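Residue-level structural notes
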Amino acid sequence: ITGSHDAIARGIGMVHQHFKLVDTLSALDNVMLGAEPSWRLNAARAEVRRKLDTLMAESGLKVDLDALVRDLPVGERQRLEILKTLYRGARILILDEPTAVLTPQETEALFVTLRGLRERGTTLLLITHKLKEIMALCDAVTVMRGGEVVLDCAIADTSVDALAQAMVGRRVQ
């Protein structure tokens with residue numbers, strides 16, 4: 001993979017810990033940015049809105065498409081980032097520290113959404129240090145330390161304690 005366009009073309013989408021949204025644009029325009037279906041922007045907006053309405057209904061990800069991003073709460077911004085990647089055709093979704101900025105309620109809502117996406121066939125790669133979240137959401141886990149894989153196993157074959165030990169290289173009290 002040589003860059004983001006290549007990854008998107010292969011169905012891989014990334015939701016960064018620090019969102020990549022333009023605060024002064026609407027949620028709809030953020031989705032369209034760089035993926036406009038035509039040069040006629042009014043027609044393009046209508047087409048993108050129709051596709052997003054369908055995608056929101058299927059995924060349960062609700063976002064006010066007309067709101068400026070700066071006015072959206074952080075949980076809705078994250079949902080927008082996920083919608084943006086799904087709109088572009090992502091079948092593999094990489095989430096970097098997805099709960100770092102969320103409230104407990106937003107975290108639980110995100111988990112419901114992620115489980116739904118997984119049931120629909122989306123592959124989820126979760127990058128996080130929150131071990132209980134890994135245990136709750138994942139089927140398998142890979143732990144890297146110092147740039148090398150130190151543990152790679154099914155969730156059923158590990159525990160929070162074993163993951164912590166793999167992460168830091170020693171038993172954690």
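Preceding block: the structure.
Just so it is clear, the structure is predicted and the values come from calculations on it, not from any experiment.

Compared with an ideal rise of 1.5 Å per residue, which puts 14 residues at 20 Å, helix α4 (residues 74–87) spans 20 Å between its outermost C-alpha atoms and is within 8% of the ideal. Summarising burial for α4: 12 of the 14 residues are buried, a large majority. When α4 is considered as a whole, its buried residues turn out to be Gly 75, Glu 76, Arg 77, Gln 78, Leu 80, Glu 81, Ile 82, Leu 83, Lys 84, Thr 85, Leu 86 and Tyr 87. Packed against the buried residues of α4 are β1 (12–15), α2 (27–32), α3 (41–59), β2 (92–96) and α5 (104–119).

Looking along a regular strand, one sees the side chains alternate between the two faces of the sheet. Strand direction decides the pairing type here: strand β4 (residues 140–145) and strand β5 (residues 148–154), joined by six bridges, are antiparallel. By the bridge assignment, Val 141 is partnered in β5 with Cys 153. Where β4 folds back onto β5 in an antiparallel hairpin, the turn is made up of two residues, including Gly 146, whose phi is positive at roughly 60 degrees.

Another aspect to go through is the sheet that holds β1. Spatially, the three strands line up as an open sheet ordered β1-β2-β3, and their pairing is parallel. If you trace the sheet from one side to the other, it starts and ends with β1 and β3 (123–127), each paired once. Here the strands of the sheet are splayed against their neighbours by 15 degrees on average, with no regard to which way each runs. By the bridge criterion, four bridges tie β1 to β2 in an arrangement that is parallel.

On inspection of all chains with the given rule, the structure shows one cavity of 30 Å³ or more. Taken as a whole, the largest cavity holds about 70 Å³ of empty space. Lining the largest cavity, in full, are Leu 61, Gly 75, Gln 78, Arg 79, Leu 102, Glu 106, Ala 109, Leu 110 and Thr 113. At the level of secondary structure, the elements contributing two or more residues to the lining of the largest cavity comprise α4 and α5. At four residues, α5 tops the list of elements feeding residues into the lining of the largest cavity.

For Lys 132, the position within the fold is in helix α6 (residues 131–137). For Lys 132, a relative accessible area of 68% puts it in the exposed group.

Looking now at the pattern of salt bridges. Scanning the model with the defined rule gives 10 salt bridges in all. Here Arg 49 ties to Asp 66 by a salt bridge, and the two come within 2.5 Å at their closest N and O atoms. Pair noted here: Arg 49 is in helix α3 and Asp 66 is in the loop between α3 and α4, with a separation of 17 residues, a long-range link. For Arg 49, a relative accessible area of 28% puts it in the partly exposed group. Two residues, Arg 79 and Glu 76, come together in a salt bridge whose shortest N-O distance is 4.0 Å. Placement of the pair is Arg 79 and Glu 76 together in helix α4, with a separation of three residues, close to one helical turn.

What follows is about a nonpolar patch on the surface. Taken together, the side chains of Met 167, Val 168 and Val 172 define a hydrophobic patch exposed on the protein surface, amounting to about 220 Å² of accessible area. Among the secondary structure elements, Val 172 is positioned in the segment after α7 (160–168).

Turning our attention to the nonpolar core. Nonpolar side chains tend toward joint burial in soluble globular proteins. If you look at the biggest cluster of nonpolar residues, it comprises 41 residues, and the most contacted ones within it are Leu 52, Val 63, Leu 80 and Ile 82. The set of elements that each furnish at least two residues to this core consists of α2, α3, α4, β2, α5, α6, β4 and α7. Sequence-distant contacts of Ile 82, defined by excluding residues within four places in its chain, comprise Val 15, Leu 61, Leu 93, Leu 95, Leu 110 and Leu 117.

Conventions used here
As a convention, each chain's residues are numbered from 1 in the sequence order in which they are written. Whole-chain, interface and lining totals are the exception, using all residues; otherwise, since this is a predicted model, local features are given only for residues with pLDDT of at least 70 and side-chain atom pairs are given and counted only at 80 or more. To obtain the side-chain values, all non-hydrogen atoms of the structure were included, while hydrogens and water were left out. Comment: elements are numbered from the N terminus, with helices defined as DSSP H or I runs of at least four residues and strands as E runs of at least two. To estimate how far a helix should extend, the number of its residues minus one is multiplied by 1.5 Å. Using a 1.4 Å probe on the protein chains alone, a residue whose accessible area is under 20% of its type maximum counts as buried, one over 50% counts as exposed, and one in between counts as partly exposed. Contacts between residues were defined by any pair of non-hydrogen atoms, one from each residue, lying within 4.5 Å. Pairing between strands is defined by DSSP: at least two bridges between the two strands are required. Lines fitted to C-alpha atoms define the axes here, with helix axes fitted over just the stretch in contact, and angles between the N-to-C directions of these axes take values from 0 to 180 degrees. Method remark: on a 1 Å grid restricted to protein atoms, a set of points is classed as a cavity if a 1.4 Å probe fits but cannot get out and as a pocket if it is open with protein on both sides within 12 Å along at least five of seven lines; lining residues have an atom within 4 Å of a point. Grid points are joined across faces, edges and corners, and a volume is the space filled by probe spheres set on the points. Within this document, salt bridges are pairs made up of a side-chain nitrogen of Lys or Arg and a carboxyl oxygen of Asp or Glu, the two lying within 4 Å of each other. Like charges are joined within 9 Å and nonpolar side chains (Val, Leu, Ile, Met, Phe, Trp, Tyr) within 5 Å, but only among residues with over 30% relative accessible area and no salt bridge; these make up the patches. For every accessible area listed, the method is Shrake-Rupley and the probe measures 1.4 Å; residues are considered covered only by the protein chains on display. Here, the term nonpolar core denotes a set of buried Ala, Val, Leu, Ile, Met, Phe, Trp, Tyr and Cys residues that are joined through side-chain atoms within 4.5 Å.

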